[in-house]
Amino acid sequence: MSADVSDLSLVRRVQRGDKGAFDALVLKYQHKLVKLVMRYVRNPAEAEDIAQEAFIKAYRALPQFRGDSAFYTWLYRIAINTAKNAVVSRDRSPIEYDLDRNNTDESYDMQGRMKDSETPEGLVLTDEIRSTVNAAIDALPEDLRTAIVLRELEGLSYEEIAAAMDCPVGTVRSRIFRAREAIDRRLREVFEGGLGRVEELG
Amino acid sequence: MNEELDSQLSAMFDNELPAAECELLARRLSRDEQLKARWGRYAVMGAAIRAERGVRLNAALAGRVSAAISSEPVLAAEPAPQPRKRWAGSWWQPVASAAAVAGVAIVSILWMRQQMGAADSVPVTQTAAPGVSVPLVATRSVPSRATPSINTAGSDSYTVPRSPGRRLIVPSTELANYVVAHSEVSSPMARRNLLSAFMASESGTAGTSAGSEEPIEDVQDDAKNPQ
């Protein structure tokens, strides 16, 4: 099976004018992209801005995407270039980050956004989500926990997991699905009102 | 929500769903907000399990991108062409191009041979301005009728064999121009083959009749310049 078949089906839909399919691609890769960009910038809010710009650039360039490489590989390159350009641009205008020198509007705005991205509430929410997921994983039966961890943490394919767990590929698919369902039941409570503070999904 | 659909969604998230099922589910996913929310939570789970430090799991990034994209124009209906499919779907196009180029080549060669047979090779004598060096065309093929003279001190005239030089250069230029003008309907490989074949033909002719490679260089220049 092609490693990129589902991404490609979404990409083809976007290329045919379906913007909703692009939402799915953003939802899937936003965390990976922000993590990637954070190799270049330390500030989470700035990393999100760069990731946002990279997604928009990718959308505009999507008509030229032929599927010769995986979609994420292509997106990865766009994000890296966008991050590098942002760093160069930032280095050329260091005043934005020199908060002590001049209290200009730009530097003030940046200071505010830095604070906003690191508010205790924001950190609590992220921690809450993480602890919810981890607690749900700990509560899983051994076979489901192994399957989901091998998939998400080790990045193994279903076939590789089947070989590792000595079971059919269909069983792996079922175990991963059931593990996700169990985690999702708890996670939904966090997102749908348990805390009532979630800014927006994903 | 039905379990089979969720199972498919989970497999699709991992790029483990067969292509045919992906097509159908991708369509539904792009329109069903509830399904999209679940898809988003799958992504959050993965990020949480990997403990990606510094990444906000409740960020509004997806919503911001979606809002920005909503003001963008809808992408073109036709995705970028895929070379393999295009080749397979229109196999007759390269064949037709090659046939057209071959036809042009045959007509051109026949025309040139006809021209070469009809032309004479009477040299003309020109008087050069004193001190001006004029490039010469070798005339070894007609040594008895035209005596080439190098512009040495004390010599104020030279002999240029007019017809052979013209025969070797002008038709090549015309042919090159013709090929360039029809480049839209011929492939680059076909054009290159045509010019190579022609130059090889000219080389043989020049070697036997004129005995010089200079006109061939002119042909090559003419062929290169338009491109």
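Residues numbered from 1 in each chain as written. Chains lettered and ligands numbered in written order. Predicted model: local features only at pLDDT ≥ 70, side-chain atom pairs only at ≥ 80, totals over all residues.

### Here we look at the overall build of chain B
The condition is simple: Strands here are runs of E lasting at least two residues and helices are runs of H or I lasting at least four, both read from the DSSP assignment and numbered beginning at the N terminus. Whether two residues are in contact depends on their C-beta atoms, placed from the backbone: they are in contact if these lie within 7 Å.
Helix and strand counts for chain B stand at nine helices and two strands. Secondary structure of chain B in N-to-C order comes out as α-α-α-α-α-α-β-β-α-α-α. Sequence-distant contacts in chain B: of pairs separated by 6 or more residues, those separated by 24 or more amount to 58%.

### Let's talk about the overall build of chain A
For clarity, the cut-off: Partly exposed residues are those falling between the two cut-offs: more than 12 but fewer than 20 other C-beta atoms within 10 Å of their own, whereas 20 or more means buried and 12 or fewer means exposed, with C-beta atoms placed from the backbone.
When its secondary structure is counted, chain A shows nine helices and zero strands. The helix and strand sequence of chain A, counted from the amino end, reads α-α-α-α-α-α-α-α-α. Split into buried and exposed, the 202 residues of chain A put 38% on the buried side. A fraction of 58% describes how many contacts in chain A between residues 6 or more apart in sequence connect residues 24 or more apart.

### Structural notes on the packing of helix α3 (residues 44-61) of chain A against helix α4 (residues 71-92) of chain A
All names here are of chain A. Filter applied, for reference: In this analysis, axes come from line fits to C-alpha atoms, helices being fitted only over the stretch in contact, and the angle between any two N-to-C directions falls in the range 0 to 180 degrees. An angle below 35 degrees is read as roughly parallel, one above 145 as roughly antiparallel, one from 65 to 115 as roughly perpendicular, and any other as oblique. Throughout, a crossing is termed right-handed when the near helix is turned clockwise from the far one, and left-handed when it is turned anticlockwise from it by less than a right angle. Each residue is assigned to one class: nonpolar for Ala, Val, Leu, Ile, Met, Phe, Trp, Tyr, Cys and Pro, charged for Asp, Glu, Lys and Arg, and polar for all the others, Gly among them.
As a packed pair, α3 and α4 sit with axes 9 Å apart at the nearest point and diverge in direction by 130 degrees. By the criterion of interaxial angle, the relationship of α3 to α4 is oblique. Relative to α4, the crossing made by α3 is right-handed. Every residue of α4 that contacts α3 at Ile50, Ala51, Glu53, Ala54, Lys57 and Ala58 is listed here: Leu75, Ile78, Ala79, Thr82, Ala83 and Ala86. In terms of residue class, the contact of α3 with α4 is built from nine nonpolar, one polar and two charged.

### Considerations on the interface of chain B and chain A
Chain B puts 59 residues into the contact, and the matching count from chain A is 68 residues. When residues of the side of chain B that touches chain A are traced back to their parent elements, those giving at least two are α1 (3-13), α2 (19-31), α3 (33-49) and α4 (61-70) of chain B. The residue makeup of the side of chain B that touches chain A, split by class, is 33 nonpolar, twelve polar and 14 charged.

### Overview of the nonpolar core
The condition is simple: Each nonpolar core reported here comprises buried Ala, Val, Leu, Ile, Met, Phe, Trp, Tyr and Cys residues connected via C-beta atoms within 7 Å.
Leu33, Val37 and Ala51 of chain A are the most contacted members of the largest nonpolar core, which has 69 residues in total. In terms of residues, this core owes the most to one element, helix α2 (residues 19-37) of chain A, which gives eleven residues. In this structure, Ala51 of chain A is in contact with Gln30, Leu33, Val34, Val37 and Ala79 of chain A together with Leu61 of chain B, ignoring residues within four places of it in sequence.

### Focus: the environment of Asn85 of chain A
Relative to the helices and strands, Asn85 of chain A is located in helix α4. On a C-alpha basis, the gap between Asn85 of chain A and Ile50 of chain A in space is 9.7 Å, while along the polypeptide they are 35 residues apart.

### Let's talk about helix α1 (residues 5-15) of chain A
With respect to burial, α1 of chain A is a largely interior element, nine of its eleven residues being buried. What α1 of chain A keeps buried is the set Ser6, Asp7, Leu8, Ser9, Leu10, Val11, Arg13, Val14 and Gln15 of chain A. Contacts made by the buried residues of α1 of chain A are with α2 and α4 of chain A together with α1 and α2 of chain B. Of the residues one or two after α1 of chain A, Gly17 of chain A is the one with positive phi, at around 105 degrees.

### Things to note about the packing of α1 of chain A against α2 of chain B
Between α1 of chain A and α2 of chain B, whose axes approach to 9 Å, the crossing angle comes to 50 degrees. Classified by the interaxial angle, the pair formed by α1 of chain A and α2 of chain B is oblique. When you trace α1 of chain A past α2 of chain B, the crossing you get is right-handed. Across from Val5, Ser6, Ser9, Leu10 and Arg13 of chain A in α1 of chain A, the residues of α2 of chain B making contact are Ala19, Cys22, Glu23, Ala26, Arg27 and Ser30 of chain B. In the contact of α1 of chain A with α2 of chain B, the residues fall into five nonpolar, three polar and three charged.

### Details of unusual backbone geometry
A positive phi angle, near 55 degrees, is found at Asp166 of chain A, a position not held by glycine. Checked against the element boundaries, Asp166 of chain A lands in the loop between α8 (158-165) and α9 (169-194). Here Asp166 of chain A falls in the exposed class, since 7 other C-beta atoms lie within 10 Å of it. You will see that Asn15 of chain B, though not glycine, has its phi angle at about 60 degrees, which is positive. Within the secondary structure, Asn15 of chain B sits in the loop between α1 and α2. For Asn15 of chain B, a count of 20 C-beta atoms within 10 Å corresponds to the buried category.

### Here's the deal with the environment of Ile49 of chain B
Positionally, Ile49 of chain B belongs in helix α3. Assessed through the 18 C-beta atoms surrounding it within 10 Å, Ile49 of chain B is described here as partly exposed. The residues touching Ile49 of chain B, leaving out its near neighbours within four places in the chain, are Val133, Ile137, Val149, Glu152 and Leu153 of chain A.

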